[in-house]
Amino acid sequence: MRHSITGSRMLLFFAVLTAFAIAYNLKFTARADARLMNTDNTSPVTNTTPPNPLLAEWEGPYGGVPPFDKAKVSDFKPALEAAMAENLTEIDKIAKDPATPTFENTIVAMERAGHTLDRVTTLYGVFGSTMNGPEFQVVQREMAPKLAAFNDQITQNEALFKRIEAVYNSPEKAKLTPEQQRLVWYDYNTFVRAGAKLGPDAKTRLSQINQQLAGLFTKFSQNVLAEEDGQFVVLKTEADLSGLPQSLRDAAAAAAQAKKQTAAGVIMNTRSAVDPFLTYSDRRDLREKAWRMFINRGDNGDEHDNNAIITEILQLRAERAKLLGYKTHAHWRLENAMAKTPENAMDLMMQVWKPAVARVHEEVADMQALADKEGAKIKIQPWDYRYYAEKVRKAKYDLDQNEVKEYLQLEKLREGIFWVAGELFNFKFTPAPNVPVVHPDVRVWEVSDKTSGKHIGLWYFDPYARAGKRSGAWMNAYRSQERVDGEVTTIVSNNANFIKGKPGEPLLISWDDAQTMFHEFGHALHGLNSNVTYPTLSGTAVPRDYVEFPSQLMEHWLSTPEVLQRFALHYKTGKPIPQALVDRINKASTFNEGFITVEYLAAALVDMKLHLAGDQKIDPDKFEKETLAELKMPDEIVMRHRTPQFLHVFSSDGYSAGYYSYLWSDVLTADAFGAFVEGGGPYDRKVADRLRKNIFSVGNTIDPAEAYRNFRGRDPRTEALMIKRGFASPNAKTSEPGKSKTKE
Ligand SMILES: [Zn+2]
């Protein structure tokens, strides 16, 4: 059973959360022996239809692996329905147990329940995010409300809640281990927050709201996907390609082919296509065209327009929060987050907002000066920002991202990541070529302990973009580590959207993408290091504003000389990146930080304000415009995710009133890296051991604030964040120039 309201298992890097994540939010699934289940759930013996492969226990090595080779879209609906039905039977058995409620017969029984639906929804999630198509979308639309209703059926099971409450209030609780006590608290709290204490009418209404929301989330996501897939800018002739480096020309040509256009190139309506185009295209008219297409996803007044859906989602969320006894949706969402209240999150955001906006004005002045000098006769507009920022970067820091890219080979960096995991956590990665995968592009590695050889888990890597795959990058846990009945090892995956290179040629990625790789791998390491008893508290199942801490922390290791010298090798000469270039990268580390912080924070602030607004009927476009005006948003920047395409917030409850989490976690990240700097550097084994013991291995078995104190010896401070982003200068007594120089 995995039923965290706060922690879905799919973690994103400024990316998207998928609609079916609702299935992860509150999951009560029943354990089942495969044989037992097949006789239970498939029907009478006379039925000759073969058993549904999705329902079977995972077979093969490593304690079983997901049967990606056997999964068919048509199997999902019957599998989900059978697994839900079976789970309800399991839960019913716990609820109706005549014995006095105990930790073992109630709380642990719930932990034992759940493995069938868990397995089915894992594959359902992988298909939804990486193998999506019209046939699958029909299943999603039908199943999303059903999964929501199913969740409510569990949390609204009165007999079950009474038993949980009895264990929670029992004097016996004090005799349990700290992890067990936390699990009892967690279950009780989760049920109460999901409405377990409400009267029958309120419960009915709550369930209606959740089902309606699930349907709206699905529609919202499918609308964005439709516009990302269906719209593109055609680059007719060679002249339209002006300024683009060869890799982008190749990608644009490949996209034109995919879209059956006889043009020189096509710019797809996705971030990985549009951002580089805005950075390099000399054609201001085409930049504006691509920019408008991208920022208007879901906002075109056509059949894929998301505005009315947003209004409805916000109203339903406000009503639900009221029903549950909270002032607003934001107050409900943040109660169990590390921030605790929206006010705390707002305080931090506003503390960073002002210096970030001031920095943007400086950045724009630099760009304007450069444009004037070139005689461009323009005023910097949003579609000029990336383009001129790149020129300023070259002029001011002599740093050309394309030059850096020549040293950043995807596969070499993957080896670098493995090496870092070996140094910090003693992990070893060995290819596991015979494990079934969902697509031939996916590769699998076994993770084991370098010294003892003990098996730790599996890591799946799905790096390339393809039709039916969501944009962005994310981590997903296919199976959580636990030991309720013997050791179960974890299975995790990292997913990205790199455009496949030419066959036989190494794929080169940008510095930003390399950081994203380290970030997602940080989530994977958080899962792989998990060392807990109960699956509900395992690995990355921690509060949303804490979960980005381990991942953001790992970004710091990319720029360590140890990684760069061994793994940042030129794709032609094989020579390591020259120190002079590294110095220039370091020197420019806070360059453009105004832009990065403001485009992110604008989205985070609008998210929070939308969910603090209560039950007023909101016109999303108007609200966005007014809120940004009030914040004095610089004209030259647009929110990283405008409201009509804000998948984090409207494709599930996942990151709603929670986009601030990246900043919150970054306070911890910057402050925590200081522990290494103050120690023996990034590879100080003692600090790494402390990190593993207190942060990476404990999952949600301990309050995050306490876990952090155990690691750092004190509460986090914001100074390191402000220095990292270049909004404050390192003060003399703590700074160690050269050593503390880290990269955002
Ligand atoms: Zn992340």
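Residues numbered from 1 in each chain as written. Predicted model: local features only at pLDDT ≥ 70, side-chain atom pairs only at ≥ 80, totals over all residues. Heavy atoms only, no water.

Engineer: Can you walk me through empty space enclosed by the protein in this structure?
Structural biologist: Take a probe with the size of a water molecule and roll it over the atoms, and the empty space left behind shows itself. Within the structure shown, the criterion is met by nine cavities of 30 Å³ or more. Reported here for the second largest cavity is a volume of approximately 170 Å³. If you trace the second largest cavity, you find 19 residues lining it, with Trp-291, Arg-386, Phe-595, Glu-599 and Val-638 closest to the centre. Broken down by secondary-structure element, the contributors of at least two residues to the lining of the second largest cavity are helix 11 (271-280), helix 12 (284-295), helix 16 (382-397) and helix 23 (593-612). (1 Å grid on protein atoms, 1.4 Å probe; cavity = no way out; pocket = protein on both sides within 12 Å on 5 of 7 lines; lining within 4 Å. Points joined across faces, edges and corners; volume = space filled by probe spheres on them. Helix = DSSP H or I, 4+ residues; strand = E, 2+ residues; numbered from the N terminus.)

Engineer: Even after reading the chapter, I still don't get the nonpolar core, so can you show me in this structure?
Structural biologist: It is characteristic of soluble globular proteins that their nonpolar side chains tend to be buried jointly. With 144 residues, the main nonpolar core has Trp-459 and Trp-557 as its most contacted residues. If you tally residues by element for this core, the top one is helix 15 (residues 342-373), at 13 residues. Discounting residues that sit within four places of it in the chain, Trp-557 has contacts with Val-420, Leu-424, Phe-518, Val-563, Phe-673, Phe-676, Pro-682 and Tyr-683. Among the nonpolar cores identified, the runner-up in size contains 56 residues, and Met-84, Ile-107, Leu-160 and Val-184 belong to it. (Core = buried A, V, L, I, M, F, W, Y, C linked by side-chain atoms within 4.5 Å. Buried < 20%, exposed > 50% of the residue type's maximum accessible area, 1.4 Å probe, protein only. Contact = heavy atoms within 4.5 Å.)

Engineer: How should the pattern of salt bridges be read in this particular structure?
Structural biologist: Any two side chains of opposite charge can pair, so long as their charged atoms come close to each other. Under the defined criterion, the tally for this structure stands at 52 salt bridges. A salt bridge links Asp-97 to Arg-163; the shortest N-O distance between them is 3.9 Å. Separated by 66 residues along the polypeptide, Asp-97 in the loop between helix 3 (73-95) and helix 4 (103-112) and Arg-163 in helix 7 (residues 158-169) bring together distant segments of the chain. The partner of Glu-374 in a salt bridge is Lys-391, with the nearest N and O atoms 2.8 Å apart. With Glu-374 in the loop between helix 15 and helix 16 and Lys-391 in helix 16, this pair connects stretches of sequence that are 17 residues apart. You can call Glu-374 partly exposed: its relative accessible area is 43%. Taken together, the shared-partner salt bridges in this structure form one network comprising Arg-271, Asp-275, Arg-386, Glu-599 and Arg-640. (Salt bridge = Lys/Arg side-chain N within 4 Å of Asp/Glu carboxyl O.)

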